[in-house]
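Summary of the model geometry
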Number of protein chains: 2
Amino acid sequence: MRFGLYRPPVMSPTTPVVFWLSGLTCTEQNFVTKAGAQRAAAELGIALVAPDTSPRGDSVPSDPDGAWDFGHGAGFYVDATQAPWSTHYQMGTYVCDELPALVANEFGLDTSRLGISGHSMGGHGALITHFRHARRFVSVSAFAPIVAPSAVPWGQKAFAYLLGENRRTWAAYDATASVSAAATGAHILIDQGSADPFLDEQLQPQRFIEACRAANQPLTLRMRAGYTHSYFFVASFIDEHLRHHAAALTQTDDGV
Amino acid sequence: MRFGLYRPPVMSPTTPVVFWLSGLTCTEQNFVTKAGAQRAAAELGIALVAPDTSPRGDSVPSDPDGAWDFGHGAGFYVDATQAPWSTHYQMGTYVCDELPALVANEFGLDTSRLGISGHSMGGHGALITHFRHARRFVSVSAFAPIVAPSAVPWGQKAFAYLLGENRRTWAAYDATASVSAAATGAHILIDQGSADPFLDEQLQPQRFIEACRAANQPLTLRMRAGYTHSYFFVASFIDEHLRHHAAALTQTDDGV
């Protein structure tokens, strides 16, 4: 597994760390090269960890039809339960446990309290990772996330392969379905482009808005006029997301 | 020929326009996707034009040995005089005349007074384009430019192919060799990484520092500790370069 790591010029034992999860088709390089996040991370003193989006390699099965929306580059950040996927597609455990332990041990990062963000499939990953492990991933944001994978084609295809046909197992990996039981006090920040070509069929943010309202989950979802689904959209607002995480991760319980 | 064009959210008939010339192996996409220049350009109200680095296509000859430092992706921004290159490799005329006319006619940009910047081979292109056409390209900056192509392997190889073995014809496309005769009043801004692996063999900025001093050419050349030759280096300082151009291009002769 490859991942990107950015360390700010000034590091301390409590430097905040934000995980970034990329979208369908991406490797660990897309965010590193296209989001322009390093400048704000340098100024804020934040470290960034950007994993790949799936296991890779000739021995790892991928989409039977060679499609780009499942398999290599499309692990959906879940732990697969179905053969043959379950052997390698354990992205949930990788992101939540293995990679935090690795960057703590190898690079001395403080992974006791992390931020998590992502784009599209990675926005889905950020939301479910927060809901499933809110004590570790304490701050969360997303760009154009797949908020209701159980209800849209991308998620239905992937979850059927990875989790099987019993849809009751899907809810734990579906942000909209989870929030009623898993709501946290964290303020979720989401940006969504109004000209995103996937908005109506795959993203449907209103589902999440309504579920958060019902669950009293704090949410700011900003519709950004004219923006599409690209990394240009991410680059336009990544600084604001990093400030959101820096503020949450540097809060202190000790008084000021 | 392909090129990138960024137009800021608010345009006027006098919106400043900055040309960006990329380095060896690049297409028009590298700057567009990796430099993160759009945010500062949006704030400053600057349009950006990023041409490809050479002619392309199966009918266009490239390096006889398939090397990456000449031919496709490596036009060196000169007008070739030697067969077979002279048929297509007219990047000097393309950048100085054809592309400004095209973006003026098709997109309504004001190309009467332009800024020009670039990286590596494109930094060389920016410097010589300014010296050769200072009334059109009135502001200039560069990242890690090849300042003395006649004196270093990359330039010697390309100029021998494109311009022939008579080195007297090379000087007009060599910033260090040109400045004594072509010095302008423009303040040249250059950033150079101290950890650039090409610094000693291919870049040799001290040659240009000395030539500018002798020619009374205003120059600020900043050695940036620890930076290498990548687009991460460009992304780190592109905002300052765009501000340099904005200040020069919005100067008025009308008093204030």
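The following refers to the structure shown. All values derive from a computational prediction rather than experimental measurement. Sequence order as written defines the numbering, with residues in each chain counted from 1. Chain letters start at A and ligand numbers start at 1, both assigned in the order the entries are written. Owing to the predicted nature of the model, reporting of local features is limited to residues with pLDDT of at least 70; listing and counting of side-chain atom pairs is limited to 80 or more, with chain, interface and lining totals taken over all residues. Processing note: side-chain calculations cover all non-hydrogen atoms of the structure and skip hydrogens and water entirely.

Glancing now at the overall build of chain A. Put simply, DSSP marks the helices as runs of H or I at least four residues long and the strands as runs of E at least two long, and each gets a number from the N terminus on. Within chain A one finds 9 helices and 7 strands. We compute the radius of gyration over the C-alpha atoms and compare it with the globule rule, which gives 2.2 Å times the number of residues raised to the power 0.38. Its C-alpha radius of gyration of 17 Å places chain A within 12% of the 18 Å reference for a compact globule of 256 residues. Its C-alpha atoms put chain A at 50 × 40 × 35 Å along the principal axes. Residue burial in chain A is summarised as follows: out of 256 residues, 55% are buried. Considering only contacts within chain A whose residues lie at least 6 apart along the sequence, 75% involve residues at least 24 apart. Surface accessibility in these figures is a Shrake-Rupley result with a 1.4 Å probe; residues are shielded only by whichever protein chains are displayed. By element, 50% of the accessible surface of chain A is carried by carbon and sulfur atoms, the whole surface being about 10600 Å². Positive charge is attributed to Lys and Arg, negative charge to Asp and Glu, and no charge count is given to His or to the chain ends. To locate a charge, take NZ of a lysine, CZ of an arginine, CG of an aspartate or CD of a glutamate. For chain A, the distance from the average position of its 17 positive side-chain charges to the average position of its 23 negative side-chain charges is 3 Å. Here's how the labels work: a residue is buried when its accessible area is under 20% of the maximum for its type, exposed when over 50%, partly exposed in between, all with a 1.4 Å probe on protein chains only. A contact between two residues is defined here by any heavy atoms of the two lying within 4.5 Å.

Here we take up the packing of aromatic side chains. Each pair of aromatic rings taken from Phe, Tyr and Trp, with Trp reduced to its six-membered ring, is defined by centres within 6.5 Å and is described as stacked if the planes are under 30 degrees apart, edge-to-face if over 60, and tilted in the remaining cases. Inspection of every chain in the model, using the stated rule, returns 38 aromatic pairs over all chains. Between F159 of chain B and W170 of chain B the ring centres are 5.6 Å apart and the planes differ by 80 degrees, which places this aromatic pair in the edge-to-face class. Highlighted residues: F159 of chain B in helix α5 (residues 153-163) and W170 of chain B in the loop between α5 and α6 (175-182), separated in sequence by 11 residues. Residues Y227 of chain B and F237 of chain B carry aromatic rings whose centres are separated by 5.0 Å and whose planes lie at 65 degrees to one another, so their mutual orientation is edge-to-face. Here Y227 of chain B, found in the loop between β7 (219-224) and α9 (231-249), pairs with F237 of chain B, found in helix α9; they are 10 residues apart in sequence, far enough to count as distant. Each member of the aromatic cluster is reached from another via a ring pair, and the members are W20, F31, F143, Y227, Y231, F233 and F237 of chain A. Criterion for a charge above a ring: Arg CZ or Lys NZ at most 6 Å from the ring centre, at most 35 degrees from the ring normal. Across from the ring centre of F237 of chain A, 3.8 Å away, lies the NZ or CZ of R224 of chain A, which sits over that ring.

Residues and elements named next belong to chain B. By definition, two strands form a pair when at least two bridges between them are found by DSSP. Read from one edge to the other, the open sheet built from 7 strands follows the order β1-β3-β2-β4-β5-β6-β7, with strand pairing classed as mixed. Of all strands in the sheet, those bounded by a partner on one side alone are β1 (3-6) and β7. The sheet shows a mean angle of 15 degrees between the axes of neighbouring strands, taken without regard to direction. Every angle, taken between N-to-C directions, lies between 0 and 180 degrees, and every axis is a line fitted to C-alpha atoms, over only the stretch in contact when it is a helix. The strands touched by helix α4 (residues 121-132) are β2 (17-21), β4 (114-118), β5 (137-143) and β6 (188-193); relative to β5, the strand with the most contacts, the crossing angle is about 160 degrees. Contacts from helix α8 (residues 205-215) reach β6 and β7, with the element oriented near 155 degrees to β7.

Let's shift gears to the interface of chain A and chain B. Listed per partner, the contact involves 11 residues of chain A and 11 residues of chain B. Carbon and sulfur atoms make up 50% of the surface buried where chain A meets chain B, a total of about 840 Å² over both sides. Two parts lose some accessible area (1.4 Å probe) when they are put together, and adding that loss for both gives the buried area. The largest share of the area that chain A buries against chain B comes from T33, R39 and F232 of chain A, three residues that together contribute 63% of it. Here a salt bridge means any side-chain nitrogen of Lys or Arg lying within 4 Å of a carboxyl oxygen belonging to Asp or Glu. Here chain A and chain B share 2 salt bridges between them. The salt bridge partner of D239 of chain B is R39 of chain A, with a shortest N-O separation of 2.8 Å. Throughout this description, a polar contact denotes any pair of N or O atoms lying within 3.5 Å of each other; where both atoms belong to protein, one of them has to be capable of donating a hydrogen while the other can accept it, and for residues adjacent in sequence the pair is counted only when both atoms sit in side chains. There are 6 residue pairs in polar contact (both at pLDDT 80 or more) connecting chain A and chain B. Breaking the side of chain A that touches chain B down by element, the ones donating at least two residues are α1 (29-34), α2 (38-44) and α9 (231-249) of chain A. By the convention adopted, Pro, Cys, Tyr, Trp, Phe, Met, Ile, Leu, Val and Ala count as nonpolar, Lys, Arg, Asp and Glu as charged, and the other residues, Gly among them, as polar. Across the side of chain A that touches chain B, the residue classes tally to 4 nonpolar, 4 polar and 3 charged.

Moving on to the pairing of strand β3 (residues 47-51) of chain A. All names here are of chain A. Across the 5 residues of β3, 5 count as buried, placing the element largely inside the fold. Burial along β3 is two-sided: the residues A47, V49 and P51 and L48 and A50 are all buried. Bridge analysis of strand β2 (residues 17-21) against β3 gives 3 bridges, and the strand direction is parallel. Among the inter-strand pairings, V18 is bridged to a residue of β3, identified as L48.

We now examine the relation of the copies chain A and chain B. One copy of the chain maps onto the second through a rotation about an axis and a displacement along it. Least-squares superposition of the copies uses the C-alpha atoms of those residues scoring a pLDDT of at least 70 in each of them. Overlaying chain A with chain B gives an RMSD of 0.0 Å, the required rotation being 180 degrees about an axis along which the chain moves by 0.0 Å. Taken together, these values place the two copies in the relation of a two-fold axis. Both copies share a contact surface, since 100% of the interface residues of chain A are interface residues in chain B too.

A few words now on the sheet that holds strand β6 (residues 188-193) of chain A. Whenever strands of a sheet pair, they do so through backbone hydrogen bonds, lying parallel or antiparallel. Residues and elements named next belong to chain A. If you trace the 7 strands from one edge of the open sheet to the other, you get β1-β3-β2-β4-β5-β6-β7, paired in mixed fashion. In this open sheet, the two strands that pair with only one neighbour each are β1 (3-6) and β7 (219-224). The sheet shows a mean angle of 15 degrees between the axes of neighbouring strands, direction not considered. Relative to β7, β6 is paired through 6 bridges, and the arrangement is parallel. Note on β7: the bridge partner recorded for Q192 is M223. Along the sheet face, helix α3 (residues 91-107) touches β1, β2, β3, β4 (114-118) and β5 (137-143) and points at about 50 degrees away from the line of β1. In this fold helix α4 (residues 121-132) packs onto β2, β4, β5 and β6, with an angle of close to 160 degrees to the strand it touches most, β5.

This part takes up the nonpolar core. Nine residue types can take part in a nonpolar core, namely buried Ala, Val, Leu, Ile, Met, Phe, Trp, Tyr and Cys, and a core is a set of them joined through side-chain atoms within 4.5 Å. F19, F31, F76, L162 and F208 of chain A are the most contacted members of the largest nonpolar core, which has 75 residues in total. In this view, F76 of chain A contacts L24, T53, D69, M121, H124, I128, I146, W154, G155, A158, F159 and L162 of chain A; residues no more than four positions away in its chain are not counted. Formed by 74 residues, the second largest nonpolar core is a distinct cluster that contains A40, L48, A74 and A246 of chain B.

What follows is about helix α8 (residues 205-215) of chain A. Residue and element names in this part refer to chain A. Listing the buried residues of α8 in full gives P205, F208, A211, C212 and A215. In a view along the axis of α8, the buried residues occupy a sector of 125 degrees, so they form one face of it. Exposed side of α8, more than 90 degrees from the buried face: R213 and A214 are the residues found there. Residues of α8 that are buried in the fold lie against α4, α6 (175-182), β6, α7 (199-203) and β7. Where α8 ends, the next residue or the one after it, N216, has phi of about 55 degrees, a positive value. By construction, the arc corresponds to the directions joining the helix axis to the C-beta atoms.

Here a disulfide denotes one covalent bond, and it connects the sulfur atoms of two cysteines. For the purposes of this analysis, a disulfide is any pair of cysteine sulfur atoms at a distance within 2.5 Å. Under the defined criterion, the tally for this structure stands at 0 disulfides over all chains. Not part of a disulfide, C26 of chain A finds its nearest cysteine sulfur in C96 of chain A, a span of 19 Å.

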